[in-house]
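Commentary on secondary and tertiary structure
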Amino acid sequence: MGVEAEVVDISPVRKAITVKRPIEDCFEIFTVRMGRWWPLLTHSISEARAVDVVIEPRVGGGIFEVRDDGERFPWGKVLVWEPPDRLVVTWHPGLDPSKPTEVEVRFLPVEGGTRVELEHRGWARLGAKAREARDGYDHGWESVFGKNFAEACR
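Described in the following lines is the structure provided in the data block. Since this is a predicted model, take the numbers as computed values, not measurements.

As for the environment of Pro83
Structurally, the position occupied by Pro83 is in the loop between strand E4 (72-82) and strand E5 (86-91). Note on Pro83: relative accessible area 45%, which makes it partly exposed. Considering only alpha carbons, one finds Pro83 and Gly35, 48 residues apart in sequence, at a separation of 18 Å.

Quick word on empty space enclosed by the protein
Under the criterion given, the structure shown has one cavity of 30 Å³ or more. When its volume is computed, the largest cavity comes out at roughly 50 Å³. Around the largest cavity sit Phe30, Met34, Ile55, Ile63, Leu87, Val89, Trp91, Val103 and Trp141, which together line it. With three residues, E5 is the largest single contributor of residues to the lining of the largest cavity. Here the lining of the largest cavity is built from residues that sort into nine nonpolar, no polar and no charged.

Overview of the side chain of Glu119
Structurally, the position occupied by Glu119 is in strand E7 (residues 113-121). Here Arg121 takes part through its side chain, which lies 2.8 Å from a polar atom of the side chain of Glu119. If near-sequence neighbours (up to four positions away) are discounted, Glu119 is found in contact with Pro12, Val13, Arg14, Glu102, Val103 and Glu104.

Brief notes about the pattern of salt bridges
A complete count under the given rule lists 19 salt bridges for this structure. Between Glu28 and Arg33 there is a salt bridge; the shortest N-O distance is 3.4 Å. Glu28 sits in the partly exposed class, given a relative accessible area of 34%. When the shortest N-O distance is used, the salt bridge between Glu117 and Arg115 registers 2.7 Å. On the basis of relative accessibility, which here comes to 26%, the residue Glu117 falls in the partly exposed class.

Quick notes on the rules
Residues numbered from 1 in each chain as written. Predicted model: local features only at pLDDT ≥ 70, side-chain atom pairs only at ≥ 80, totals over all residues. Heavy atoms only, no water. Helix = DSSP H or I, 4+ residues; strand = E, 2+ residues; numbered from the N terminus. Buried < 20%, exposed > 50% of the residue type's maximum accessible area, 1.4 Å probe, protein only. 1 Å grid on protein atoms, 1.4 Å probe; cavity = no way out; pocket = protein on both sides within 12 Å on 5 of 7 lines; lining within 4 Å. Points joined across faces, edges and corners; volume = space filled by probe spheres on them. Nonpolar A, V, L, I, M, F, W, Y, C, P; charged D, E, K, R; others polar. Polar contact = N/O pair within 3.5 Å; in protein donor to acceptor, adjacent residues only side chain to side chain. Contact = heavy atoms within 4.5 Å. Salt bridge = Lys/Arg side-chain N within 4 Å of Asp/Glu carboxyl O.

Below you can see the structure in the form of structure tokens.
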């Protein structure tokens, strides 16, 4: 049983929140307004120079960090664009784009609001760094999604 067998067994990161906001609003906040709630100072390539995150609203569209001079840094590509229900993207901010992980976000109407479920998967593509990356994102999504995005939806 080598390292590769161990990596294959790494479970996805899963997070969920429920907010008192319509599903359409939640989808728009997550996608169109991502740069407003994403903590660019601490979770970006450009840090203090990062000014926005842009998701091009179509299958094949890019996800970019935008720096104050307009330079764009790719974070991933849109695989599934199904507003207001579902978004699936490749994910590689600052990492090798040939070995992306995958993030799926589902928006589910519930009584009085929306349940938003995030799943970050595909860790095996990262090889020996998979477990460390997964653990880091588990903590990171708790803050970025569970706090920042949730607050933006309130």
